[in-house]
Amino acid sequence: MTDTLLFKDIDEPGLNTLAVYEARGGYESLRKALRMTPEEVLSELEASGIRGRGGAGFAMGKKVSFLPHGSIDKYLVCNADESEPGTFKDRELMQKTPHMLIEGLIVASYAAGATRSFIYIRGEYVQQADILEAALIEARGAGYIGERILGSEHSLSLVVHRGAGAYICGEETGLLDSLEGKRGNPRLKPPFPANQGLYQGPTLINNVETLATVPAIIRMSGAEYARIGTETSTGTKLVSVSGHVQRPGNYEIELGIPSRELIYDLAGGPPAGRSVKCWFPGGSSAPVLTAEDLDVPYDFDSLAKAGSMLGSGAIIVVDDSTPILDVALKTAKFYRHESCGKCTPCREGTNWTVHMLERIDRGEATPMDLEIMASVQDHIIGHCLCVLGDAMAMPIGSMIAKFRDEFESHIESRRLSALTPEPGPITAGATA
Amino acid sequence: MSQPATGIRGWDVPADLDKDPATIPDPARTPVPDALRQEIEAHMALYPDRRSAALPALEAAQRVHGWCSPEAIDQVACVMQITPAELDAIATFYDMLENEPVGQHSVYVCTNISCSLCGADELYAAIRDAAGDDPAFNVRAFECLGACDIAPMASVDGVYIGPLAPGDVPQLLDDIRAGRPVLADKQLARRACADPKAAQ
């Protein structure tokens, strides 16, 4: 295993302050980057092969290169609306090493030619936003943020913007609408944010972890960074492991290690006597995998090949003591609550999926309901402006496919137990 | 848990169609506390488009009024010079903006997947029962708060605390009532990184 890049000395007292961060080499990457041209910085990012750490896994260098050239106002937005169930890696980064994020953000803005930047942080992260704001004041005082940074031609403003509790604002165009002071409804794409984003201007949007990795890439060079991990999943990744494991938490891994190593060796596996029933490899939006998939390498392409996705890098482990129906119901209710309501397939699909799962729970369902429920998922996928509906349909669809027997026996046992031993009066509607 | 009725005007509660839509409030007839006005204006100055300050402005008004009351909305609308309806649309969209009067101390209990696997539903029930109808508390079940490493957990006035057991609930509420740091040794801020490589 290579060195940790993001978690090195993360618990050092005072690392959130400028003095301690600088004492261990902080902002050296920024100085190095400002001695290079923006094009050179961009080619380092492209050479690193780093893929976005927020969920979609799109190559960061390519994303930066999509921004138009020229002197128009360009924006950089850091997506710190970490709301994907099971994900808490950005929280630990922002809380303990906020300057690493700010440094990476300045370097990325230099490569992209952006002069205004925003960190959109979810409103629930009160302490982390306070820490970021304190770090921002220090960075501004030291001349890292503002006009002509460190004597260069590059200028950048930065605002920490707090959300107020809406999962959909983690979707990039929903985030932009929210940042413009509206409801966080996703927009129709294209145009993509690189062309028309915030205030209709070209906008680069990156996740916290992606930006926080930039100083390491500049320090060690893109080519060197690309030697970590696998060919198509380069670098290290923070993985949040939670649910039925003995040591839940964030772990920095080299991409491509076996998932079993992560779940068992690092996180301690399920409690004694229990076994893994299923696991979400990339947040609750990822199709579930089972115990048979534990040896799948933890990287973007291997997980995609296994029928799921790396997503935000959040593993939720469910052990064999939990009925799959409970997991499905929790998942579906979450997406119903968070659907913005703009597109019918998502708004209605999430609602009816919850209703059908509750019918199963109440013993009112028949095996046919499983078919209907599966077809509802198929009708959501690909039919909305954003992927929130898909994000429910994919895990629910995978649960129905992989645990059909359990759903069926659940339907039958609940149906039988709903037939109460004392026969009620025969009502008019019950005549055949 | 079924979705609670939100009392949203025009949705759960019929809109009054006989009334004309409210226009931008007249500054001469809309008193706004000075501190609130200054805070909203400071937010507006940060953005190329002043409308971007809507969320921070509503949060500030909620801090003053306790919830996004019609009066609070009018005051924000007056300072920002936009219609109350635009702010209403925002206030009803975001979970942390309250559309009814609530208790002063927010206790958000995460009941999402990871926390519920670790007993969050029982925890939420225990906190609800113990808080009863004490008007000081605003106990809510919340979607994933991004702290599954301390599941099951709660956010008390923005401070993350966990892992919590139903047995912790009496002290949790006592600490809030007394204005003490809540369950100080269980606060997330004191927790070290789980990754053993980080401690080297």
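Residues numbered from 1 in each chain as written. Chains lettered and ligands numbered in written order. Predicted model: local features only at pLDDT ≥ 70, side-chain atom pairs only at ≥ 80, totals over all residues.

A. Region of the structure containing the overall build of chain B. Helix and strand content of chain B: 7 helices and 4 strands. Counting from the amino terminus, helix and strand elements in chain B follow one another as α-α-α-α-β-α-α-β-β-β-α. Each of the three principal axes of chain B carries a C-alpha extent, and together these read 55 × 40 × 30 Å. The buried share of chain B, taken over its 200 residues, is 45%. Restricting the contact set of chain B to residue pairs at least 6 apart, pairs at least 24 apart contribute 60%. (Helix = DSSP H or I, 4+ residues; strand = E, 2+ residues; numbered from the N terminus. Buried ≥ 20, exposed ≤ 12 C-beta atoms within 10 Å, placed from the backbone. Contact = placed C-beta atoms within 7 Å.)

B. Region of interest: the domain arrangement of chain A. All names here are of chain A. The domains assigned to chain A are domain 1 (18–225), domain 2 (236–319) and domain 3 (324–418). Look at where the C-alpha atoms of domain 1 and domain 2 centre, and you get two points 27 Å apart. Taken together, the contact pairs 13 residues of domain 1 with 16 residues of domain 2. Residues belonging to the side of domain 1 that touches domain 2 are distributed by class as follows: 2 nonpolar, 5 polar and 6 charged. (Domains from an automatic or database assignment. Nonpolar A, V, L, I, M, F, W, Y, C, P; charged D, E, K, R; others polar.)

C. Focus on the sheet that holds strand β9 (residues 314–319) of chain A. Residues and elements named next belong to chain A. Read from one edge of the open sheet, 5 strands run β6-β5-β9-β7-β8, paired in mixed fashion. Looking at the sheet topology across the chains shown, the edges are occupied by β6 (249–254) and β8 (289–290). Note that strand β5 (residues 236–243) and β6 share 6 bridges and pair antiparallel. If you follow S240 over to β6, its bridge partner there is N250. (Pairing = 2+ DSSP bridges.)

D. Geometry of the sheet that holds strand β2 (residues 116–121) of chain A. Residue and element names in this part refer to chain A. Spatial strand order, β3-β2-β1-β4: 4 strands in an open sheet with parallel pairing. If you trace the sheet from one side to the other, it starts and ends with β3 (157–162) and β4 (203–207), each paired once. Neighbour to neighbour, the strand axes of the sheet diverge by 20° on average, direction disregarded. Examined bridge by bridge, strand β1 (residues 75–80) and β2 share 6 bridges and lie parallel to one another. What sits directly across from L76, in β2, is S117. Running at roughly 110° to β1, helix α8 (residues 172–179) makes contact with β1, β2, β3 and β4 of the sheet. (Axes fitted to C-alpha atoms, helices over the stretch in contact; angles between N-to-C directions.)

E. Inspection of the confidence of the model for chain A at higher detail. Averaged over all residues, the pLDDT of chain A is 94; the fraction at 70 or higher stands at 97%. Segment residues 428–432 of chain A is flagged for pLDDT under 50; beyond a separation of four residues in sequence, or across chains, it makes 0 contacts in the model. (pLDDT = per-residue confidence, 0-100.)

F. A look at the packing of helix α5 (residues 89–96) of chain A against helix α9 (residues 208–220) of chain A. Residue and element names in this part refer to chain A. At a minimum axis distance of 9 Å, the contact between α5 and α9 shows a crossing angle of 50°. It follows that α5 is oblique to α9 by the angle criterion. α5 and α9 meet at a crossing whose hand is left-handed. Residues K89, D90, L93 and M94 of α5 lie in contact with α9, whose contacting residues are V208, E209 and A212. (Parallel < 35°, antiparallel > 145°, perpendicular 65-115°, else oblique. Left-handed = near helix turned anticlockwise from the far one by under 90°.)

G. Representation of the nonpolar core. Among the nonpolar cores identified, the biggest contains 192 residues, and W279 of chain A together with L58, V76, V109, C110 and M153 of chain B are the most heavily contacted of them. The greatest single-element share of this core, amounting to 10 residues, is contributed by helix α6 (residues 98–112) of chain A. With residues up to four places along the chain from it excluded, the contact list for M153 of chain B reads C110, C115, L145, A147, Y160, I161, G162, P163 and L164 of chain B. (Core = buried A, V, L, I, M, F, W, Y, C linked by C-beta atoms within 7 Å.)

H. Region of interest: unusual backbone geometry. With an omega dihedral of 5°, the bond running from P190 of chain A to P191 of chain A counts as a cis peptide bond. Going from A151 of chain B to P152 of chain B, the amide bond is cis rather than trans, its omega being -10°. Residue placement: P152 of chain B occurs in the loop between β2 (137–142) and β3 (154–156). Positioned with a positive phi, Y199 of chain A is a non-glycine residue whose angle comes to about 50°. Turning to its location among the elements, Y199 of chain A is positioned in the loop between α8 and β4. Positive phi values are uncommon outside glycine, yet Q200 of chain A reaches one of about 65°. By the secondary structure assignment, Q200 of chain A is in the loop between α8 and β4.

I. Region of interest: the interface of chain A and chain B. Facing 52 residues of chain A, the contacting portion of chain B comprises 42 residues. The set of elements that each furnish at least two residues to the side of chain A that touches chain B consists of α5, α7 (126–141), β3, α8, β5, β6, β9 and α13 (324–338) of chain A. Ranked by the residues each element gives to the side of chain A that touches chain B, the list is headed by α13 of chain A, at 6 residues. In the side of chain A that touches chain B, the residues fall into 18 nonpolar, 21 polar and 13 charged.

J. Up close: the confidence of the model for chain B. All names here are of chain B. When the pLDDT values of chain B are averaged, the result is 93; 94% of them are 70 or greater. Under a pLDDT of 50 for its full length, residues 1–5 has, in the predicted model, 3 contacts with residues more than four places off or in other chains. The complex prediction reports pTM at 0.95, with the ipTM value standing at 0.94.

K. Representation of the pairing of β1 of chain A within the structure. Residue and element names in this part refer to chain A. With 6 of 6 residues buried, β1 is to be regarded as a mostly interior element. Side chains Y75, V77 and N79 of β1 all project onto a buried face; the interleaved residues L76, C78 and A80 project onto the opposite face, where all are buried too. Inspection of the sheet shows β1 paired to β4 by 5 bridges, in the parallel sense. Looking at β4, one finds that V77 is bridged to I205.

L. The packing of α6 of chain A against α7 of chain A, seen in detail. Residues and elements named next belong to chain A. Here α6 crosses α7 at 55°, and the two axes come no closer than 9 Å. With respect to α7, the element α6 is oriented oblique. When you trace α6 past α7, the crossing you get is right-handed. Across from P98, H99 and I102 in α6, the residues of α7 making contact are I131, L132, A135, L136 and A139. Here the contact of α6 with α7 is built from residues that sort into 7 nonpolar, 1 polar and no charged.

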